[in-house]
Amino acid sequence: NKMMFSFMISANILRQDNKITPMEWLFYLRGAEAALGVLEDFEPTPHPDWCEEHVWRIVSVLDGVSAVEGSGCAGLANDIQANSAEWKSFVTADDMCTRPFPKNWDSKLSWFQRLLVIRSFRENFGNIATRNFVGGELGKLYTESPPFDLIGSYEDSNSCSPIIFVLSAGADPTDQLLRLAKAKGFDERLHMISLGQGQGPKAEAMVAQGVEDGDWVCLQNCHLAGSWMPTLERIQEQMDPDKVAEEYRLWLTSMPSPLFPVPVLQSGIKITNEPPKGLKANMKGSFATLSEEKYESSPKARAYKKLVFATCFFHAVILERRKFGPIGWNIQYEWMDSDREVSIEQVGMYLASQEGIPFETLNYCVAKVNYGGRVTDDKDVRLISAILRGYFREELLDDSFKLTPLDTYYAPPEGTLAETVEYLESLPLDEDPRVFGLHQNALITAQVGQVRDFLSTVTSVQPRIASSGTGKSSEEIVTDMAADLLDRIPNLGSKKQAHAKTFEMTESGMVSLGVFFGQERVSFEILHKKVKASLEVLGKAIKGLVVMSSELEDMYNNFLLQKLPKAWAKAAYPCLKPLASWVQDFMDRIGFMNRWLSEGPPTSFWVPCFFFPQGFMTAAMQMHARATRIAIDDLVWVTDVTSTKEPGDLAGPPSSGVNVHGFFLEGCGWNDADGLAESEMGVLFVSLPVVWLKPTKRAELVADKEINNVFRTSPPGYLCPLYKTSERKGTLSTTGHSTNFVMYAELRTSSSQDHWICRGVALLCMLDT
């Protein structure tokens, strides 16, 4: 990552020169948590009405820690309050990173301080501001990747230094190497072999012959031959420059791999060539592989050209959706050019062999077989089919049909291959998320994810953070945090305090929800004991009273970085929150469990509270099945979203089933009249009102055509997946349930199901903040 490397170089130089102060660097790494041990009893001033409370807290901390050292951002909060209109215009602008700062702040702030201010207000602009910082301090040379220069790499090499291609998905340097070999007169003297099982001896013989004759040798896919890598290392170490033909060159290709020998890597010339990014570049690459003869080969030329274009567009869209993270795909798949080529072949074959155009067959073959064969998540299988259905349809043959909500993208009228390529040249470089079926907010989600990944990498290579000299030492900060958490985290209630209804007994035994509550309570007890015990021991370890084990050291370091310690995560429920938010969330969960224990089953259940929410769904269904004497296998949940926003406003429990709350919608909004609605700009998540889960007989519903064992109402709504965390992807646990996916909830909508599938709409049990 060139930007990462350039940023680290620039930041370290400036830190050595004290142009980035210790407190500024601490704020960059920790954000609002930089106030710990520095700003005692910190409370921000009231926030402006246009600025969210949590954002204002971050800005106020930046102001506060800067004031401690007297650096450039001191006085920022007061100036924003005094010139609110100017700052609002600046902060809400889409071109915030290129605009001048209000008043005279441009002259006050360094490039790094501008980065801190921009990231505080608009986290999604963090990487753009980072590029501006590196460019401003080191120059544009350090922010832009140079063109792929194979000739220059060859001229810098010698017979004993290998040239190593570091591969990335979708980039293959073979063609460039073949062209170079031809230009240098080595097209007949370039010997290539793809490494793998049994290829080691052949490769060794090929290298020995090349050393003697002065030929070029290319060993492809070194990462697939880990067991042979020590042999490669030995061959290179034993290379005698006096005995090697001067024209000999060794070319190696490999994905990044820990198995690749370090001495070979250090002695070689490393080059990489990332594939062109963006839908336009992908489409141009696809059509570059088509010949005029192939393009004009179908007897149904108009339909064939339209379908070929739609296939290439589909290929580009599903690949480019990956940059949006989990809202794009639950799992990042590596589709290949061969998938597109096979699909184009099938299009030509079906058009030639059938009278009409078999759209249904083509949809199945392309989405479910050619591309779907690589897809392992059932929600992604549903998505890839929905995307293709938007293109492979009768309307595609109409020249006025648009492939996206934007008028720019369409299958061009029947023409030559050159005319189609000319149309591709007119497409914009930067794509709107709506091109991929997503809402414009998806770009913010993707940018925030990239910023957090960048910061996580920077943080991971930092040494233990020492005292800045202006506040408490690291040991004092962690000691105070441990003592504070010990005092704040409440105890779990005793079974002696249990309400009569909590563990109610019937003739057939304890009620199902009582059994479930008991199991959850055991899980909370294990986590509670782990948290309390480790906090007590950590305080003693810092004082030197007990040995600082590797587990305690990990806990110490994560406290400084505001991350969840591994030992806690191992005993806890899935959660992506930072430490401070995790602790508050943990306390809220304990509070809910204690209330259920002492007051009996609540009017509405906070389902995200549980370790195993699927178990709650089963237990609640069993309660209804036993009360009505209907077999549980004949019942399914129907979700009815009420208009009640807060569970405390409910008059009582429902007549059948249960009320549940605590869910967040991602990818769309909600209104009580129509159900699912388009998101407001900048609003990434909305809280769903209280949901009534109604047990309903399967016979009264309609089985879904795509998802096994899922039933829908009539008229059908959107089958919305419910996940524990925003990561979405999960694995099958020993219970047969996903570690992340909980259930499908059918939500009211006036739009088609495919619209919301392509939007990536999902319900989440919790947010990441």
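Owing to the predicted nature of the structure, the values given are computational and were not obtained by experimental measurement.

A. How the structure looks around the overall build of the protein. Helix and strand content of the protein: 28 helices and 20 strands. Here the protein has a C-alpha radius of gyration of 30 Å; the compact-globule value for 769 residues is 27 Å, and the two agree. Dimensions of the protein, computed from the C-alpha atoms along their principal axes, are close to 90 × 75 × 60 Å. Taking the contacts inside the protein whose residues are at least 6 apart along the sequence as the reference set, 73% of them involve residues at least 24 apart. Carbon and sulfur atoms provide 52% of the accessible area of the protein, an area that totals close to 36,400 Å². Between the averaged position of the 75 positive side-chain charges in the protein and that of its 97 negative side-chain charges there is a distance of 4 Å.

B. Layout of the packing of aromatic side chains. Tallying each qualifying case throughout the model produces 50 aromatic pairs. Their ring planes at 70 degrees and their centres at 6.3 Å tell us that F592 and W596 sit as a pair that is edge-to-face. With F592 and W596 both in helix α26 (residues 579-599), this residue pair falls four residues apart, about one helical turn. Judged by relative accessible area, which is 2%, W596 ranks as buried. Taken together, the ring pairs connect F503, F516, F517, F592, W596, F605, W606, F610 and F616 into an aromatic cluster. One cation-aromatic arrangement involves R119 over Y28; the distance from NZ or CZ to the ring centre is 4.6 Å.

C. View of the pairing of strand β2 (residues 190-194). Inspection of the sheet shows β2 paired to strand β3 (residues 216-220) by five bridges, in the parallel sense. In the strand pairing of β3, L190 is matched with W216. For the segment spanning β2, helix α11 (residues 200-213) and β3, crossover handedness is right-handed.

D. Representation of empty space enclosed by the protein in the model. Throughout the structure, instances matching the rule amount to eight cavities of 30 Å³ or more. Computed from the structure, the largest cavity encloses a volume of approximately 120 Å³. Mapped by element, the contributors of at least two residues to the lining of the largest cavity are α19 (378-389) and β18 (718-723). The element contributing the most residues to the lining of the largest cavity is α19, with four residues. For the lining of the largest cavity, the per-class residue count stands at nine nonpolar, three polar and five charged.

E. Summary view of the pairing of strand β1 (residues 163-166). As paired elements, β1 and strand β5 (residues 269-272) share four bridges and run parallel to each other. Paired with I163 across the bridge in β5 is I269. Examined bridge by bridge, β1 and strand β4 (residues 249-254) share four bridges and lie parallel to one another. Each residue of the ladder has a partner; that of I164, found in β4, is L252.

F. Representation of the nonpolar core within the structure. Within the largest apolar cluster, 133 residues are counted, with the highest numbers of intra-cluster contacts made by W568 and W582. With 13 residues, the top contributor of residues to this core is helix α16 (residues 301-320). In this view, W582 contacts L527, V531, L564, W568, A572, Y573, C575 and K577; residues no more than four positions away in its chain are not counted. Residues A34, M96, C97 and F125 belong to the second largest nonpolar core, which totals 52 residues.

G. Seen up close, the pattern of salt bridges. For the coordinates displayed, the defined rule picks out 33 salt bridges. The partner of K323 in a salt bridge is E320, and the shortest N-O contact between them spans 3.9 Å. Under the relative-accessibility criterion, E320 is labelled buried at 10%. Where R322 meets E334, a salt bridge forms, and the shortest distance between an N and an O atom there is 3.3 Å.

H. The arrangement of helix α14 (residues 279-288) in detail. Those residues of α14 lying buried are L279, K280, N282, M283, S286 and F287. Relative to the axis of α14, the buried residues are bounded by an arc of 165 degrees and lie together on one face. Buried residues along α14 sit in contact with α15 (292-295), α16, α17 (337-353) and α20 (417-425).

I. The arrangement of the sheet that holds strand β9 (residues 635-641) in detail. With mixed pairing, the four strands of this open sheet are ordered in space as β8-β10-β15-β9. Sheet topology places β8 (604-606) and β9 at the edges, where each strand pairs with a single neighbour. In this sheet, adjacent strand axes meet at a mean angle of 40 degrees when their direction is disregarded.

J. Summary view of the side chain of S726. You can see S726 is positioned in the loop between β18 and β19 (741-747). On the basis of relative accessibility, which here comes to 11%, the residue S726 falls in the buried class. Apart from the residues lying within four places of it in its own chain, the contact partners of S726 are P326, L576, L764 and D768.

K. Structural context of helix α7 (residues 111-121). With respect to burial, α7 is a largely interior element, ten of its eleven residues being buried. Restricting attention to buried positions, one finds in α7 the residues F112, Q113, R114, L115, L116, V117, I118, R119, S120 and F121.

L. Just the sheet that holds β1, in detail. Sheet architecture is open: five strands sit in the order β2-β3-β4-β1-β5, paired in parallel fashion. In this open sheet, the two strands that pair with only one neighbour each are β2 and β5. Strand-to-strand, the axes of this sheet are offset by a mean angle of 20 degrees, without reference to chain direction. Its contacts with the sheet put helix α10 (residues 174-183) on β1, β2, β3 and β4, and the angle it makes with β2 is roughly 160 degrees.

M. Representation of the confidence of the model for the protein. Looking at the protein as a whole, its pLDDT mean stands at 91, while 98% of the residues score no less than 70. When pLDDT is averaged over each element of the protein, β8 comes out on top at 98 and helix α9 (residues 150-156) at the bottom at 85.

N. View of the side chain of S71. In this fold, S71 is placed in the loop between α3 (53-69) and α4 (76-82). Residue contacts for S71: discarding those within four places in its chain leaves T21, E24, S66 and Q113.

O. Structural view of unusual backbone geometry. Following S714, the chain continues into P715 via a peptide bond in cis, with omega recorded as 0 degrees. Locating P715 in the fold gives a position in the loop between β17 (711-712) and β18. In this model, N709 sits at a positive phi of 60 degrees, which is unusual for a non-glycine residue. Relative to the assigned elements, N709 resides in the loop between β16 (702-703) and β17. N709 sits in the exposed class, given a relative accessible area of 56%.

P. Summary view of the environment of M239. Within the element layout of this structure, M239 appears in the loop between α12 (229-237) and β4. Each residue touching M239, except ones within four places of it in the same chain, is listed here: C160, V211, V244 and Y248.

Q. Main features of the layout of surface pockets. The computed volume of the second largest pocket comes to approximately 1,000 Å³. Mapped by element, the contributors of at least two residues to the lining of the second largest pocket are α19, α27 (613-628), β9, β18 and β19. Ranked by the residues each element gives to the lining of the second largest pocket, the list is headed by β19, at six residues.

R. Seen up close, the environment of F711. In this structure, F711 sits in strand β17. Sequence separation between F711 and K697 is 14 residues, and the spatial gap between their C-alpha atoms is 9.8 Å. Discounting residues that sit within four places of it in the chain, F711 has contacts with V636, R698, L701, V702, A703, D704 and E746.

Procedures and definitions
- Residues numbered from 1 in each chain as written.
- Predicted model: local features only at pLDDT ≥ 70, side-chain atom pairs only at ≥ 80, totals over all residues.
- Heavy atoms only, no water.
- Helix = DSSP H or I, 4+ residues; strand = E, 2+ residues; numbered from the N terminus.
- Rg over C-alpha atoms; globule rule 2.2 N^0.38 Å.
- Contact = heavy atoms within 4.5 Å.
- Areas by Shrake-Rupley, 256 points an atom, 1.4 Å probe, with all protein chains shown as cover.
- Lys, Arg positive; Asp, Glu negative; His and termini not counted.
- Charge placed at Lys NZ, Arg CZ, Asp CG, Glu CD.
- Phe/Tyr/Trp six-rings, centres within 6.5 Å; stacked < 30°, edge-to-face > 60°.
- Buried < 20%, exposed > 50% of the residue type's maximum accessible area, 1.4 Å probe, protein only.
- Lys NZ or Arg CZ within 6 Å of the ring centre and 35° of its normal.
- Pairing = 2+ DSSP bridges.
- Right-handed = clockwise from strand over helix to strand, strands pointing away.
- 1 Å grid on protein atoms, 1.4 Å probe; cavity = no way out; pocket = protein on both sides within 12 Å on 5 of 7 lines; lining within 4 Å.
- Points joined across faces, edges and corners; volume = space filled by probe spheres on them.
- Nonpolar A, V, L, I, M, F, W, Y, C, P; charged D, E, K, R; others polar.
- Core = buried A, V, L, I, M, F, W, Y, C linked by side-chain atoms within 4.5 Å.
- Salt bridge = Lys/Arg side-chain N within 4 Å of Asp/Glu carboxyl O.
- Arc of directions from axis to C-beta.
- Axes fitted to C-alpha atoms, helices over the stretch in contact; angles between N-to-C directions.
- pLDDT = per-residue confidence, 0-100.

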